[in-house]
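One-letter residues, chain by chain:
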Amino acid sequence: MFRRKIAIAIALVAASVTTVGVVGVFGDASVAYAATTTLTPVADTYTDNSLATTNYGTSGQLGVDNSPIKRMYLRFNVSGLTAVSGAKLRIHTDDVSGAESNSGGTFTSMSNTTWSETGVIWNNQPAVDGTTLGSLGAVVRNAWYEIDVSSYVKGNGVFSIGVTSSSTDGADYDSRESGSTAPQLVITTGTSPTPTPTPTAPAGDPVLVGAGDIASSGTGDTATAALLDGIPGTVFTAGDEAYPDGSASNFSSYYAPTWGRFKSRTRPVAGNHEYVTPGASAHYNYFGSAAGDPAKGYYSYNLGSWHVVALNSNCSSVGGCNAGSAQEKWLRSDLAANAKACTFAYWHHPRFTSGSNHAPDPSVGPLVQALYDNNADVIVTGHNHQYERFAPMNPSGQLDNARGLRHFVIGTGGAGLYSFGTILPNSEVRNNNTFGVVKFTLHSNSYTWQFVPQAGKTFTDSGTTACH
Amino acid sequence: MSGQSGLSLRARGAIAGSAAVLLAVVAVGYTVRARPGPAVTTSGTAEAGTASSTAEAGAARGDGPRLRVLSNGVLSTVSLQDPGGPRTLTSQRCDRAFAAADTIACLRPVNPLGATQLAILGHDLRERRSIPLTGFPNRLRVSASGRMVAWTLFIDGHSYASGGGFSTRAGILDTRTGTLVDSVETFAATVDGRPYRAADMNVWGVTFTGDDNRFYATMSSGGHRYLVEGDFAARTFRTVTDGVECPSLSPDGTRIAFKAAIGGDPARGWRLSVLDLATKKTVALAESHSVDDQAIWLDDRTVAYGLQRSDGTNDVWAVPADGTGGPRLFVSGANSPSVDGSGA
């Protein structure tokens with residue numbers, strides 16, 4: 001139990017440590033204040049080219065060197081802050097002989113923010129590929145050093161910093177496992193008026209809200225429907241609306257009393273469970289024209305400055321999803337005719353997922369490719385009963401901040417939650433203990449997502465990304 | 001139950017011996033980890049650069065007993081002396097892995113159509129045999145001698161959580177003779193002393209005894225989840241008791257670690273427990289989280305198991321096998337543990 005308590009304490013520290021406020025000039029319209037927030041890394045490790053298959057993720061020490069070549073990687077998760085005005089990285093050299101060096105290393109931002117602390121080795125190291133943030137000259141043992149990283153850490157987000165050295169005399173630092181001498185990110189906030197509340201959508205921006213894997217004999221569907229009672233906007237489903245068979249009686253017994261309350265503002269897609277009933281006929285009968293042509297199940301519509309595409313990933317039921325299939329050809333022509341600034345797509349089977357119950361499905365790859373070729377922005381699926389958010393990726397699943405689509409798996413509509421398996425690259429956030437819906441606010445040239453948890457649960461995830 | 005072969009006795013002696021060594025090195029490991037400062041070094045007084053290099057080289061060579069784990073699907077090892085220290089990763093990817101003696105079994109990542117593969121590797125990681133299988137990798141076991149391999153796959157429903165129930169298939173391979181049993185369900189079953197057939201039968205979670213013939217497993221039918229004892233050569237199994245899932249036989253062969261459905265209802269989760277085979281008495285272990293794993297025995301007094309955090313990260317925990325004490329984090333960011341005592 002003792003060790004478990006330590007683990008929990010570290011997790012809490014990582015979330016948010018201390019906020020030291022210096023509050024000044026009250027009772028004035030221009031209330032100014034400055035505060036610092038100190039974060040410890042959510043992950044840190046190093047690699048060593050002389051031991052190219054060894055991982056040091058749980059070690060208490062970090063090393064940077066040029067002989068053998070050692071590179072350090074640090075990751076911080078900044079959330080819940082407003083008006084970030086500066087950030088400093090503080091690292092502490094080991095209190096052992098040999099920790100000192102004539103060079104403390106060069107600190108560089110990294111595009112990869114999803115590397116695995118216990119999976120990084122020299123042979124698979126993430127690239128230290130960003131902007132140089134600063135360098136340290138000679139360092140002595142048992143001392144703190146600071147690097148100004150304000151040019152990189154400008155607000156909330158996940159930040160990766162790589163450290164390299166051209167010196168053959170390596171430096172050794174304490175890692176996050178070391179306790180009070182763990183690396184720190186000290187963030188200064190303030191110089192702005194009273195903190196702005198969580199960004200709210202400018203009035204009038206349309207909302208698209210929903211989830212997949214929804215109604216069954218359990219109670220999760222009731223919990224998520226209660227959330228939708230308070231969220232206006234268009235409701236999407238990502239398939240598997242009514243378990244176990246998507247039959248008319250499954251719809252009337254389970255879906256109608258819960259999510260059925262929002263039927264008139266719902267634009268659904270069918271999942272594999274709907275197709276247990278031949279042709280997903282009960283799904284199409286229940287939703288009527290809102291579900292599209294029952295022979296196709298794919299359709300599109302517009303919301304504000306967004307084009308929204310609902311696709312049918314039950315590929316074998318609609319003549320395939322491959323390049324040249326009717327659906328893929330329709331999708332390409334639909335996207336070509338679209339004049340909206342941003343594009344959102346949803347269907348049931350995920351192209352990328354870390355869930356253990358259903359593997360990533362390459363059969364929808366041609367649909368992902370068509371969306372990528374046409375500069376679409378967001379893909380939402382379900383099928384694995386959990387929440388997962390990926391960084392923007394190209395159709396091969398590689399990080400692509402320029403043109404990539406952000407993939408979400410939102411299988412949290414109410415059906416029993418699943419475990420995760422191997423976590424895929426570029427998976428940024430995951431949760432499998434909370435039912436909920438995701439509210440997408442579709443701005444004129446960006447989108448904000450917010451995972452809204454069932455009553456009594458605390459997991460959430462939100463952010464904003466610009467359209468291409 | 002009688003008729004222990006000489007091989008079995010020798011094997012049990014060897015296991016008991018290595019368990020004692022294991023216990024000692026685990027204690028050393030905790031001393032190292034508990035001390036603040038550079039946990040990477042094995043000696044706090046040595047010069048940092050050389051000390052860490054020495055420790056790392058040792059880790060890379062695989063000196064001493066190792067714990068084999070998966071690090072996010074990558075076959076890896078950590079030192080049992082310092083499970084929080086440097087970790088050696090291989091290029092092998094598995095959804096589930098288990099190592100014993102000179103055999104490493106690896107269930108390859110399943111593809112979208114549910115195809116997987118059982119790979120039998122030597123310690124050089126060269127593949128000796130592979131068997132195509134269909135289903136989602138769930139459990140995997142190698143007998144202490146390295147000869148027998150057993151696996152469980154979800155065939156349908158994919159998990160206990162699925163509303164419509166599930167079905168499993170458990171198979172066994174004798175790597176010495178090449179005999180392959182695709183499904184233990186085909187064995188002649190005896191329930192409460194009577195021959196038994198049922199269409200709803202599922203078998204999962206095989207664990208071998210020291211004689212490389214007898215085994216224990218879970219057989220479910222008609223709402224029961226029986227502990228069964230099987231005989232590979234005779235192709236039979238018979239029920240021992242009820243309410244036992246994912247059994248794991250202790251190195252001394254006297255107890256079964258298993259997951260006990262809370263209140264008899266798997267939907268409420270499972271309590272890690274230990275059954276004494278002689279007295280049929282069960283003790284709940286001090287882990288209060290629901291454990292959905294086939295535990296392993298680090299020695300005759302300690303079991304280890306995987307727990308997944310809500311973000312999908314796995315950790316290996318350890319807890320005393322007698323219900324005392326409390327769980328402790330053994331290897332963070334890892335699952336599918338097995339003790340790889342050969343040190344090769």
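Residues numbered from 1 in each chain as written. Chains lettered and ligands numbered in written order. Predicted model: local features only at pLDDT ≥ 70, side-chain atom pairs only at ≥ 80, totals over all residues. Heavy atoms only, no water.

Caption draft 1: Fine view of the pairing of strand β14 (residues 207-211) of chain A. All names here are of chain A. Most of β14 sits out of view: 5 of its 5 residues are buried. Two elements, β14 and strand β24 (residues 436-442), share 4 bridges in a ladder whose sense is antiparallel. Paired with L208 across the bridge in β24 is F440. One ladder, built from 4 bridges, connects β14 with strand β15 (residues 234-237); its direction is parallel. Paired with G210 across the bridge in β15 is F236. (Buried < 20%, exposed > 50% of the residue type's maximum accessible area, 1.4 Å probe, protein only. Helix = DSSP H or I, 4+ residues; strand = E, 2+ residues; numbered from the N terminus. Pairing = 2+ DSSP bridges.)

Caption draft 2: Main features of the sheet that holds strand β17 (residues 236-242) of chain B. Residues and elements named next belong to chain B. Ordered in space as β13-β12-β17-β16-β15-β14, the 6 strands form an open sheet in which the pairing is mixed. Two strands in the sheet have a free side with no partner beyond their single neighbour: β13 (194-196) and β14 (202-208). Strand-to-strand twist of the sheet, defined as the mean angle between neighbouring strand axes without regard to direction, takes the value 35°. Pairing geometry for strand β12 (residues 188-191) and β13, over 3 bridges, is antiparallel. Each residue of the ladder has a partner; that of V191, found in β13, is R194. (Axes fitted to C-alpha atoms, helices over the stretch in contact; angles between N-to-C directions.)

Caption draft 3: Region of the structure containing helix α5 (residues 326-336) of chain A. Residue and element names in this part refer to chain A. Those residues of α5 that sit buried are Q327, E328, L331, D334 and L335. Summarising the axial view, the buried residues of α5 lie within an arc of 125°, below the 170-degree limit, and thus occupy one face. Those residues of α5 that are exposed and angled more than 90 degrees off the buried face are K329 and A336. If you follow the buried residues of α5, they end up packed against β17 (299-303), β18 (306-310), β19 (342-346) and α6 (365-373). (Arc of directions from axis to C-beta. Contact = heavy atoms within 4.5 Å.)

Caption draft 4: Representation of the nonpolar core. Residue and element names in this part refer to chain A. One finds W259, F344, Y346 and F440 to be the most contacted residues of the largest nonpolar core, which totals 52 residues. Apart from residues no more than four positions distant in its own chain, F440 is found in contact with P206, V207, L208, F236, F344, V378, V380, F408, I410, Y447, T448 and W449. Among the nonpolar cores identified, the runner-up in size contains 32 residues, and V84, L133, V139 and Y145 belong to it. (Core = buried A, V, L, I, M, F, W, Y, C linked by side-chain atoms within 4.5 Å.)

Caption draft 5: Representation of helix α2 (residues 220-229) of chain A in the model. Buried residues of α2(A): A:G220, A:D221, A:T224, A:A225, A:L227 and A:L228, and no others. In an axial view of α2(A), the angular spread of the buried residues amounts to 150°, which keeps them on one side of the axis.

Caption draft 6: Region of the structure containing the sheet that holds strand β23 (residues 302-308) of chain B. All names here are of chain B. Sheet architecture is open: 4 strands sit in the order β22-β23-β24-β25, paired in antiparallel fashion. Whereas interior strands pair on both sides, the edge strands pair on one side only; in this sheet they are β22 (296-299) and β25 (328-332). This sheet shows a mean twist of 35° between the axes of neighbouring strands, independent of strand direction. Direction of pairing for strand β24 (residues 314-320) relative to β25: antiparallel, over a ladder of 4 bridges. Residue pairing for β25: D315 is matched across the bridge by S332.

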